[in-house]
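Listed below are the residues making up each chain.
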Amino acid sequence: MRYFPDESVGYSYPEAYIRYFGTDYEPSAHLRQAYEQARRHAWYMTARLITVNDVYAFDPHIVVDIDDFEDLVGRHFRQPKEGLGFDNSPVAHMWRTMIWPRNSL
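None of the values given here were measured: they were computed from a predicted structure.

Engineer: So, unusual backbone geometry: which residues are in play, and what are the values?
Structural biologist: Although it is not a glycine, Asn88 sits at a positive phi angle of roughly 60°. The topology assignment puts Asn88 in the loop between helix H4 (70-76) and helix H5 (92-99).

If you want it as structure tokens, here you go:
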């Protein structure tokens, strides 16, 4: 979707792409087809908002503050009270393997 501007949300073709690919670049057929399919999808705007808000990919001067992501990190990457590998989660065995790499499964 990054190759296709959408002025309704203020997303124009990235200047970086002009520098990388040139002014005459045309996305290949499979990209165009995927975009058209996404455009017709009910959740199009959700995907489009990623291209609108992902400014870090194109602005080398932007400063990212980890505090902006503290809530997200806290919700998704917190350590279980039982400890990693001991919480009966679907990935607990992987954590135990990293903790004790020489033990047999």
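Engineer: Lay out a negative patch on the surface in plain terms, naming residues and giving numbers.
Structural biologist: Side chains of Asp65, Asp67, Asp68 and Glu70 sit close together on the surface and give a patch of like negative charge. With respect to the helices and strands, the residue Glu70 is situated in helix H4. Judged by relative accessible area, which is 56%, Glu70 ranks as exposed.

Engineer: Pulling in residues and values, what's your account of the packing of aromatic side chains?
Structural biologist: Both the distance between ring centres and the angle between the ring planes are used here to describe each pair of aromatic rings. This structure, assessed with the given rule, holds nine aromatic pairs. With centroids separated by 6.0 Å and ring planes inclined at 50°, the aromatic side chains of Tyr3 and Phe21 adopt a geometry described as tilted. One end of the pair, Tyr3, is in the segment before helix H1 (15-21); the other, Phe21, is in helix H1, and 18 residues separate them in sequence. Its relative accessible area of 21% is what places Tyr3 among the partly exposed residues. Grouping aromatic residues by their ring pairs yields a cluster made of Tyr3, Tyr13, Tyr17, Tyr20, Phe21 and Tyr25.

About the cut-offs
- Residues numbered from 1 in each chain as written.
- Predicted model: local features only at pLDDT ≥ 70, side-chain atom pairs only at ≥ 80, totals over all residues.
- Heavy atoms only, no water.
- Helix = DSSP H or I, 4+ residues; strand = E, 2+ residues; numbered from the N terminus.
- Patch = residues over 30% accessible without salt bridge, like charges linked within 9 Å, V, L, I, M, F, W, Y side chains within 5 Å.
- Areas by Shrake-Rupley, 256 points an atom, 1.4 Å probe, with all protein chains shown as cover.
- Salt bridge = Lys/Arg side-chain N within 4 Å of Asp/Glu carboxyl O.
- Lys, Arg positive; Asp, Glu negative; His and termini not counted.
- Charge placed at Lys NZ, Arg CZ, Asp CG, Glu CD.
- Buried < 20%, exposed > 50% of the residue type's maximum accessible area, 1.4 Å probe, protein only.
- Phe/Tyr/Trp six-rings, centres within 6.5 Å; stacked < 30°, edge-to-face > 60°.

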